[in-house]
Amino acid sequence: RSSDLAILFNRGIEDPEHYLNTTDADIIPPITIRNIHAAAKCLITHINAEHDMFVNVDSDCDGYTSAAFFINWLYRTFPGYAVNHVSWGMHEDKGHGILLDKIFEISPSKYKIVVCPDAGSEEYDKHSLLAENKIDLIIIDHHNADHYSTDAIVINNQLDENYPTKSLSGVGMVYKFCSYLDSLMDNHYADELLDIAALGIIADVMELKDYETR
């Protein structure tokens, strides 16, 4: 037992006993994440108005699980809306970023909201183009960017100076967003999808030293 603790300590775990016995108290309240309330308000406004939504799927395991988590959460929380108003698309190759060709494939006016998990934080020109077409954009990401966009609502733990857990991947941040929405509606659907979050976090080879990520 003591040798196991020593191994963890040597790997940078400052409190091995805590690390091996994490609890819900190690989960940081999602309300502390910058822009999360604005993103929730935007999403619910479009759902209430029954506007068509496009979910942008990034082409790696974290991207797939990020989109799968969010879409499954929508189907649990707003099943009628999800069936009739939610579409998604992905890259045909190993590409990344916002899929403008698929968003505008039918007509510029079809989608009123785009949700882009695990990508898009620094695609500022695309943010501006969507804004010019009166399409709201919510980005839920974990990749580095120069600054917050002025034409999109960006949730990003790397940009957020006040949010300490930098080791959550895209699907981890989607979990935080959906758990915040759950708290507003007294639901627990995000917790039912944590296996998807775990898969994406591990597949993206995220650092597992943070108590919240563990």
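Before any of the text, the structure's been laid out above.
Now for a quick tour of the structure. Predicted model only: the values in this text are computed from it and were never measured.

### Regarding helix H10 (residues 194–203)
Turning to H10, its buried residues are Ile-196, Ala-197, Gly-200 and Ile-201. Down the axis of H10, the sector holding all buried residues measures 130°, keeping them to one side. In H10, the exposed residues that point more than 90 degrees away from the buried face are Asp-195 and Ile-202. The positive-phi residue at the C-terminal boundary of H10 is Val-205, with phi of around 55°.

### Details of the nonpolar core
Taken as a class, soluble globular proteins show a tendency for nonpolar side chains to be buried jointly. If you look at the biggest cluster of nonpolar residues, it comprises 43 residues, and the most contacted ones within it are Leu-43, Met-53, Phe-69, Phe-70, Trp-73, Leu-74 and Phe-177. A total of eight residues in this core trace back to one element, the largest contributor, which is helix H8 (residues 170–185). Counting residues in each nonpolar core, the second largest holds 18 residues, with Ile-98, Cys-116, Leu-130 and Ile-139 among its members.

### Some words on the state of the cysteines
When the sulfur atoms of two cysteines share a covalent bond, that bond is a disulfide. Overall, the coordinates contain zero disulfides when judged by the stated rule. No disulfide involves Cys-42; its sulfur sits 14 Å from that of Cys-116, the nearest cysteine. Residue Cys-178 stays outside any disulfide, its sulfur separated by 14 Å from that of Cys-42, the closest cysteine. On the basis of relative accessible area, Cys-178 is assigned to the buried category, the value being 0%.

Parameters at a glance
Residues numbered from 1 in each chain as written. Predicted model: local features only at pLDDT ≥ 70, side-chain atom pairs only at ≥ 80, totals over all residues. Heavy atoms only, no water. Buried < 20%, exposed > 50% of the residue type's maximum accessible area, 1.4 Å probe, protein only. Helix = DSSP H or I, 4+ residues; strand = E, 2+ residues; numbered from the N terminus. Arc of directions from axis to C-beta. Core = buried A, V, L, I, M, F, W, Y, C linked by side-chain atoms within 4.5 Å. Disulfide = S-S within 2.5 Å.

Geometry only, nothing functional implied.
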